Amino acid sequence: MASDQNNQKPHDLLSELLKKELDAVDKLIHERMISEYAPRIPEIASHLINAGGKKLRPLLTLASAKMCGYEGQYHIHLASIVEFIHTATLLHDDVVDESKKRRGKPSANLLWDNKSSVLVGDYLFSRSFQLMVETGSLEVLNILANASATIAEGEVLQLTVSRDISTDEGIYLKVIRGKTAALFSAATQVGAVISGSEEPIINALYKYGDALGVAFQIVDDLLDVAGDSKIIGKNNGDDFRERKLTLPFIKAISSCNQNEKDFWKRTIEKGDQTSEDFNKALELMQKYEAIERTRLDALKWAKTAKNSLDAVPDNDIKIILTNLADYVVDRVK
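These numbers were taken from a predicted model, which means no experiment stands behind them.

Chemist: Looking at this structure, I do not really get the overall build of the protein chain. What am I missing?
Modeler: Check the secondary structure of the protein chain and you find 18 helices and two strands. Looking at the protein chain alone, contacts between residues at least 24 apart form 74% of all its contacts between residues at least 6 apart. By element, 50% of the accessible surface of the protein chain is carried by carbon and sulfur atoms, the whole surface being about 15300 Å².

Have a look at this one:
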């Protein structure tokens, strides 16, 4: 298996190793997003769910359960719940952000409309809670319900602070811990919980998911300013044009002189942008090494994720999850 791992991406290895379980998740998802009265629901949900995403979050749940020796059937429910929650948040996010693309394809709100996207997102949240109840575990219900609330809090916090250039790294971390890392940590935690694992294992997998989610979002934000637009499926500088203060911007602003801060105030706080302003923003980020410092932060969080697995017994899945943490940040090395 080690030689295979050297040649394949970690999430592809997980998909192969868990193919039977992942197929069962896909089957359950498509069964539960069917609506007898509103055919638009499966149309919109399928558009996003079948758009070629890696299904990383449900894979983490399946991997966590398998690693902990689970032999029941509810890990399929849990992985489906995680994917439903993720899809619902994407539908809502695209409306809030007025996005035109998602995973390189036209977004649901562009193809249909904002109202449909919001309501289908609500439907998927409702379906996810029905599935939670079916597991019969109050602890699972508590973890996933809390994660859903935390995601919403993170999104609202981002709305309130993203155009304020006084926003610091602590607030940024609260935002991404909410909107991204909360579902990663819930995904890995519930796999251990449903398996009846000991508290140290449950905590280790929670910490792994949290740190992996933080690293994942930092890398996403970094790719927006320094990535290959053909690979990431969107234009560089979208966050700048949408006036979202992500970590590379925050690091640059904290080092800028007053004249340079006036540039950020005009472009981010007031929204007065020209076609050349993103290039100016890049110059300032390079001047203050904001991109490199952001990359180092992502590497630090990936290391935290890997170290958290020390409490978990050695096995093939642990090796893949360790490599996955490296892969998440390899994109910006």
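From this point, the discussion proceeds with the structure in view.
Chemist: Where do I start with the packing of aromatic side chains in this structure?
Modeler: The relation between two aromatic rings is expressed through the spacing of the ring centres and the mutual angle of the planes. Under the definition given, this model contains seven aromatic pairs. Arranged with centres 6.4 Å apart and planes meeting at 75°, the rings of F240 and W264 form a pair that is edge-to-face. Pair noted here: F240 is in helix α13 (residues 238-241) and W264 is in helix α15 (residues 258-269), with a separation of 24 residues, a long-range link. Considered together, F240 and W264 belong to a single accessibility category, that of buried residues. Among the aromatic residues, those joined into a cluster by ring pairs are F240, F249, F263, W264 and F278. Cation over ring: R57 sits above F216, and NZ or CZ is 5.5 Å from the ring centre. Above the plane of the ring of F278 lies R241, whose end atom (NZ or CZ) is 5.8 Å from the centre.

Chemist: Just checking my understanding: could you explain the packing of helix α5 (residues 56-67) against helix α10 (residues 169-194) for this structure?
Modeler: Closest axis-to-axis distance for the α5/α10 pair is 7 Å, and the angle between their directions is 25°. If you check the angle between α5 and α10, you find them roughly parallel. Read as a crossing pair, α5 and α10 show a hand that is right-handed. Residue-level contacts link L56, R57, L60, T61, S64 and A65 of α5 to L183, F184, A187, T188, V190, G191 and A192 of α10. When grouped by side-chain class, the residues that make up the contact of α5 with α10 number eight nonpolar, four polar and one charged.

Chemist: Sorry, what's going on with unusual backbone geometry here?
Modeler: What is expected of a backbone is that most residues other than glycine have negative phi and most peptide bonds are trans. For R243, which is not a glycine, the phi torsion comes out positive at approximately 65°. Mapped onto the elements of the fold, R243 is located in the loop between α13 and α14 (247-255). Here R243 falls in the buried class, since its relative accessible area comes to 17%. The phi angle at E289 is positive, at roughly 55°, despite the residue not being glycine. Looking at the secondary structure, you find E289 in the loop between α16 (277-287) and α17 (290-308).

Chemist: Can you help me understand the pattern of salt bridges in this one?
Modeler: Two side chains bearing opposite charge may form a pair once their charged atoms approach each other closely. Across all of its chains, the model carries 16 salt bridges by this definition. As a salt-bridge pair, K251 and E169 come within 3.1 Å of each other at their nearest N and O atoms. One end of the pair, K251, is in helix α14; the other, E169, is in helix α10, and 82 residues separate them in sequence. On the accessibility criterion, E169 (32% relative accessible area) is partly exposed. A salt bridge links K306 to D326; its shortest N-O distance comes to 2.7 Å. Remark: D326 occurs in helix α18 (residues 316-330) and K306 occurs in helix α17; sequence separation between them is 20 residues. Its relative accessible area of 23% is what places D326 among the partly exposed residues.

Chemist: Just checking my understanding: could you explain the side chain of Q217 for this structure?
Modeler: Within the secondary structure, Q217 sits in helix α11 (residues 199-226). By relative accessible area, which is 9% here, Q217 ends up buried.

Chemist: I tried to follow α18 on my own but got confused; where do I start?
Modeler: Residue pairs spaced three or four apart in an α-helix point in one direction, given the helix's 3.6 residues per turn. In this model α18 runs 21 Å from its N-terminal to its C-terminal C-alpha over 15 residues, within 8% of the 21 Å that 1.5 Å per residue would give. Looking only at α18, the buried set comprises I317, K318, I320, L321, L324, A325, V328 and V329.

Chemist: What am I meant to see in the packing of α17 against α18 here?
Modeler: For any two helices packed against each other, one specifies the inter-axial angle together with the distance between the axes. Taken N-terminus to C-terminus, the directions of α17 and α18 make an angle of 175°; their axes are 9 Å apart at the nearest point. On the basis of their axis angle, the class for α17 and α18 is roughly antiparallel. For the pair formed by α17 and α18, the contact residues are A298, L299, A302, A305 and K306 on the first element and T322, A325, D326 and V329 on the second. Looking at side-chain class alone, the contact of α17 with α18 contains six nonpolar, one polar and two charged residues.

Chemist: Sorry if this is basic, but what is going on with the environment of I317 here?
Modeler: Turning to its location among the elements, I317 is positioned in helix α18. With a relative accessible area of 5%, I317 lands in the buried category. Residues I317 and P10, 307 residues apart in the sequence, show an inter-C-alpha distance of 9.7 Å. In this view, I317 contacts L17, A63, K66 and M67; residues no more than four positions away in its chain are not counted.

Chemist: Hey, could you run me through the environment of N50 in this one?
Modeler: Structurally, N50 is set in the loop between α4 (40-49) and α5. Judged by its relative accessible area of 44%, N50 is partly exposed.

Chemist: Honestly, the environment of Q189 in this entry has me stumped. Any pointers?
Modeler: For Q189, the position within the fold is in helix α10. Those residues within four positions of Q189 in sequence are excluded, and the remaining contacts are I143, I202 and Y206.

Quick notes on the rules
Residues numbered from 1 in each chain as written. Predicted model: local features only at pLDDT ≥ 70, side-chain atom pairs only at ≥ 80, totals over all residues. Heavy atoms only, no water. Helix = DSSP H or I, 4+ residues; strand = E, 2+ residues; numbered from the N terminus. Contact = heavy atoms within 4.5 Å. Areas by Shrake-Rupley, 256 points an atom, 1.4 Å probe, with all protein chains shown as cover. Phe/Tyr/Trp six-rings, centres within 6.5 Å; stacked < 30°, edge-to-face > 60°. Buried < 20%, exposed > 50% of the residue type's maximum accessible area, 1.4 Å probe, protein only. Lys NZ or Arg CZ within 6 Å of the ring centre and 35° of its normal. Axes fitted to C-alpha atoms, helices over the stretch in contact; angles between N-to-C directions. Parallel < 35°, antiparallel > 145°, perpendicular 65-115°, else oblique. Left-handed = near helix turned anticlockwise from the far one by under 90°. Nonpolar A, V, L, I, M, F, W, Y, C, P; charged D, E, K, R; others polar. Salt bridge = Lys/Arg side-chain N within 4 Å of Asp/Glu carboxyl O. Expected span 1.5 Å × (residues − 1).

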